[in-house]
Structure formats: structure tokens, C-alpha cells
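Here is how the chains run, residue by residue.
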Number of protein chains: 2
Amino acid sequence: MIVHELTRDECDGVLARMHVGRLACALMNQPYIVPVSFVFDSVERSLVGFSTVGRKIEWMRVNPKVCVAIDEIADERHWTTVVVNGVYHEIAGADAGLLARAQELLQKRASWWLPATARAAHSAERDAAVFYRVLIRDVTGRRTSDTLR
Amino acid sequence: MIVHELTRDECDGVLARMHVGRLACALMNQPYIVPVSFVFDSVERSLVGFSTVGRKIEWMRVNPKVCVAIDEIADERHWTTVVVNGVYHEIAGADAGLLARAQELLQKRASWWLPATARAAHSAERDAAVFYRVLIRDVTGRRTSDTLR
């Protein structure tokens, strides 16, 4: 098994194809991980997401530095991982253009399976939902293969 | 879909059954995520792992606060997630008893699919490998179901 580094274009391809990742944020150096659903905005180079307000959002409002990991694991010898370092940016209602773009991108997906979304579907929490972007500062990726390329 | 909180015993059950998770560490409030392979030590209440020395180990040596997320996702309406907050503890060669126990636990698994291990299998990096524990400070979990229990 050989592990290849991915180019930026190859990383972008994974981000465009995948819609679930794990986001880590940190407060006072205590990290916290949650699964997130996202859509890659290749123009703005950001991951667009939606969440109800909870620990994750509260922490990112204080410390916007985040890390998002996306992986495709077929088995232990066939996997791809992409890691994004980025900055959280909340899309306020006043940013009408950005908000419309985020909603449009997310609506292209048939279902947002976010746990948060599921919980909020029939509650007042939905009213407190926020749209956000993770502005990509850098992206790296690795993929296994059986041969040198 | 209803989301249930798991009891500690239910969380322990997931930790015992699963062997791959995502670990987040943080340095100067920048989080970083990596997939890790682990074995749950129910006696010592810790996750036992093995890694070559790299960014993850270097960061955890500086800031031992970590978060490990383990999930089983069948589909968007059927999933279980467990989140561990814990403290990194490196097992030094001088801790002969702890080291033997860690190795014994890990050897019960047929394969450790860690990317780090794969990379190290045929290189001098293997000599720089470390065994570590994540001492569990608290564990929480959630599971979906179609009915109230």
C-alpha cells in the first residue's frame, strides 16, 4: 500500500463529491468534534453549512479556528482523507446575498441529514438555526493506492 | 426519527465494539482531526492507541486535552454517535506494565489500519512509534430510533 499526497484540485474534487465530514472546534484548548453536513462552494472556497445553535456554534463564535476532516473509507487499505483548516464565518440575516447563496447551495442536496437538523425539524429550535461558512485557509489530502502513480 | 441519549453503559458498548474513531487535538486553539484506531480498556477506562510521531503526537504532548468521536452511520435516519472528552497520556518504555497491557490489547485486533501504521510498516519511522492512552474524562452518546423506548 502506498500513500499519495493529493493535489489541491484532487482535494477540491473530494470536497465537491462528499457532503458529510467531521468538524472540530476548540475552546480554551479543549477540542470538540461533531459530524456536519456541508456543501462545497468552489467559487468562494468555503464549506457551507447549517446548524441549530448549540455548543458547536457557541464555541465557534468565540474561537473561529476550525478543522474539518472528510474521508472515504472502503477498507483499511483503500481510503482517502481530506483535511481543511479554516475559519468560521456566520452568515447573518443582513447578508442577504450570502444567505441566499448558502440556502441555494444547500437546497441542491435532497436531504441534510444533520443530527441537529433532524432534532430541529419539529421544534422551535429551527428558528434559532444559523447558516455558516468555513472559509478554507488550507486543504491537504492523502489517498492510498496499490501502485506508484 | 427520535434521538435518544445513551447511558454510560451503552456508550461503553459502542467503544468496545468499534475500533476506529476521529481524534481532535488543539494547539493554540487551532483544532486538528485525524482518524485513529483504538481499543477500549474498560478496566482503566481509556482508549489505547498506537501512532508514529507526527503533528498529532507533538500537539498532544503540548496540550493533552483531546476529543474522540466514534460513530456508526447506517443512513441519515439510523446512526449512533459517541463523544469522549479525555486526556492524552503517553506510555513510556519505563512503564513496562502499562506498555505490555497496551500491546496485548492492541494485538487482540487482527489489523490496525491506522494510516500511520501503514506508512511506518517498512520504514525507520516504526522505531519512533508511541503507545498512548486517552484517559476518559466523560463520555456521551446519542442514537436514533423510530420509536420512543
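Residues numbered from 1 in each chain as written. Chains lettered and ligands numbered in written order. Predicted model: local features only at pLDDT ≥ 70, side-chain atom pairs only at ≥ 80, totals over all residues. Heavy atoms only, no water.

K.L.:
Is there a simple way to explain the pairing of strand β7 (residues 78–91) of chain B in this structure?
P.N.:
A regular strand places its side chains so that they alternate between the two faces of the sheet. Residue and element names in this part refer to chain B. The buried count for β7 comes to 10 of 14 residues, which makes it a mostly enclosed element. Here strand β6 (residues 65–75) pairs with β7 via 10 bridges, running antiparallel. Paired with I73 across the two strands is W79, which belongs to β7. Between β6 and the antiparallel strand that follows it, β7, lie two residues. Across 12 bridges, the pairing between β7 and strand β8 (residues 130–145) is antiparallel. Bridging from a neighbouring strand, V84 pairs with V139 of β8. (Buried < 20%, exposed > 50% of the residue type's maximum accessible area, 1.4 Å probe, protein only. Helix = DSSP H or I, 4+ residues; strand = E, 2+ residues; numbered from the N terminus. Pairing = 2+ DSSP bridges.)

K.L.:
Please clarify how the interface of chain B and chain A should be interpreted in this entry.
P.N.:
Accessible area lost upon the coming together of the parts is a frequently used measure of interface size. Each partner contributes residues to the interface: chain B has 35 residues there, and chain A has 35 residues. Summing both partners gives a buried area of about 3,000 Å² for chain B against chain A, and 60% of it is carried by carbon and sulfur. At the boundary of chain B and chain A, one finds two salt bridges. We note a salt bridge from R22(B) to D71(A), for which the minimum N-O separation is 2.6 Å. Applying the counting criterion to the chain B and chain A interface returns 13 residue pairs in polar contact (both at pLDDT 80 or more). Those elements giving two or more residues to the side of chain B that touches chain A turn out to be β2 (20–27), β3 (30–37), β6, β7, α4 (115–120) and β8 of chain B. Here the side of chain B that touches chain A is built from residues that sort into 21 nonpolar, six polar and eight charged. (Contact = heavy atoms within 4.5 Å. Buried area = accessible area lost by both parts, 1.4 Å probe. Salt bridge = Lys/Arg side-chain N within 4 Å of Asp/Glu carboxyl O. Polar contact = N/O pair within 3.5 Å; in protein donor to acceptor, adjacent residues only side chain to side chain. Nonpolar A, V, L, I, M, F, W, Y, C, P; charged D, E, K, R; others polar.)

Any functional reading would require information that these geometric values do not contain.
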